[in-house]
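# Residue-level structural notes
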Amino acid sequence: MDPLTMTKRDRAKLAVMQRLDRGEISRGAASRLLGLSLRQVYRIYGRWRALGDRGILHRSRGGH
């Protein structure tokens, strides 16, 4: 598997998802911190839980 290259935005999402997972913040707080809708937070969090750090990356990344 190739190494992950994350942008600052990706790293910020990862940090917030980790805080959410530890119960430090709510999904609503994560939504406000990231500037995303609550629905997007649910989707990204679920994808991160299922796929690990790769789930944070935008899915169209690397496509042609």
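In this text, all values refer to a predicted model and were calculated from it rather than measured experimentally. (Residues numbered from 1 in each chain as written. Predicted model: local features only at pLDDT ≥ 70, side-chain atom pairs only at ≥ 80, totals over all residues. Heavy atoms only, no water.)

### Looking at the environment of Arg 11
Positionally, Arg 11 belongs in helix 1 (residues 8–21). Here the alpha-carbon distance between Arg 11 and Asp 53, two residues 42 residues apart in the chain, equals 9.5 Å. (Helix = DSSP H or I, 4+ residues; strand = E, 2+ residues; numbered from the N terminus.)

### What about the environment of Gln 40?
With respect to the element layout, Gln 40 can be found in helix 3 (residues 38–51). Classification of Gln 40 by relative accessible area gives partly exposed; the value is 36%. At 3.0 Å, the side chain of Gln 40 forms a polar contact with the backbone nitrogen of Ser 37. (Buried < 20%, exposed > 50% of the residue type's maximum accessible area, 1.4 Å probe, protein only. Polar contact = N/O pair within 3.5 Å; in protein donor to acceptor, adjacent residues only side chain to side chain.)

### Side note on the packing of helix 1 against helix 3
Two elements in contact, helix 1 and helix 3, have axes separated by 11 Å at closest approach and are oriented at 85°. By the criterion of interaxial angle, the relationship of helix 1 to helix 3 is roughly perpendicular. Of helix 3, the residues touching helix 1 (which contributes Lys 13, Leu 14, Met 17, Gln 18, Leu 20 and Asp 21) are Val 41, Ile 44, Tyr 45, Trp 48 and Arg 49. For the contact of helix 1 with helix 3, the per-class residue count stands at 7 nonpolar, 1 polar and 3 charged. (Axes fitted to C-alpha atoms, helices over the stretch in contact; angles between N-to-C directions. Parallel < 35°, antiparallel > 145°, perpendicular 65-115°, else oblique. Contact = heavy atoms within 4.5 Å. Nonpolar A, V, L, I, M, F, W, Y, C, P; charged D, E, K, R; others polar.)

### Remarks on the packing of helix 1 against helix 2 (residues 27–34)
Two elements in contact, helix 1 and helix 2, have axes separated by 10 Å at closest approach and are oriented at 165°. When the axes of helix 1 and helix 2 are compared, the pair comes out roughly antiparallel. Seen along the crossing, helix 1 lies across helix 2 with a hand that is right-handed. When helix 1 is examined against helix 2, the residues Arg 9, Ala 12, Lys 13, Val 16, Met 17, Arg 19 and Leu 20 are found in contact with a partner set consisting of Arg 27, Ala 30, Leu 33 and Leu 34. Grouping the amino acids of the contact of helix 1 with helix 2 by side-chain chemistry returns 7 nonpolar, no polar and 4 charged. (Left-handed = near helix turned anticlockwise from the far one by under 90°.)

### Concerning the pattern of salt bridges
Two side chains with opposite charge may pair up if their charged atoms get near one another. Overall, the coordinates contain 3 salt bridges when judged by the stated rule. A salt bridge links Arg 22 to Glu 24; its shortest N-O distance comes to 2.7 Å. The exposure class assigned to Glu 24 is partly exposed, which follows from its relative accessible area of 46%. Salt bridges linked by common partners bring Arg 19, Arg 22 and Glu 24 together as one network. (Salt bridge = Lys/Arg side-chain N within 4 Å of Asp/Glu carboxyl O.)

### As for the environment of Asp 21
Residue position: Asp 21 is located in helix 1. On the basis of relative accessible area, Asp 21 is assigned to the partly exposed category, the value being 34%. Counting along the chain gives 24 residues from Asp 21 to Tyr 45, while the straight-line C-alpha distance between them is 8.5 Å. For Asp 21, the contacting residues outside a window of four places in its chain are Tyr 45, Trp 48 and Arg 49. Of note is the side chain of Asp 21, whose polar atom sits 2.6 Å from the side chain of Arg 49.

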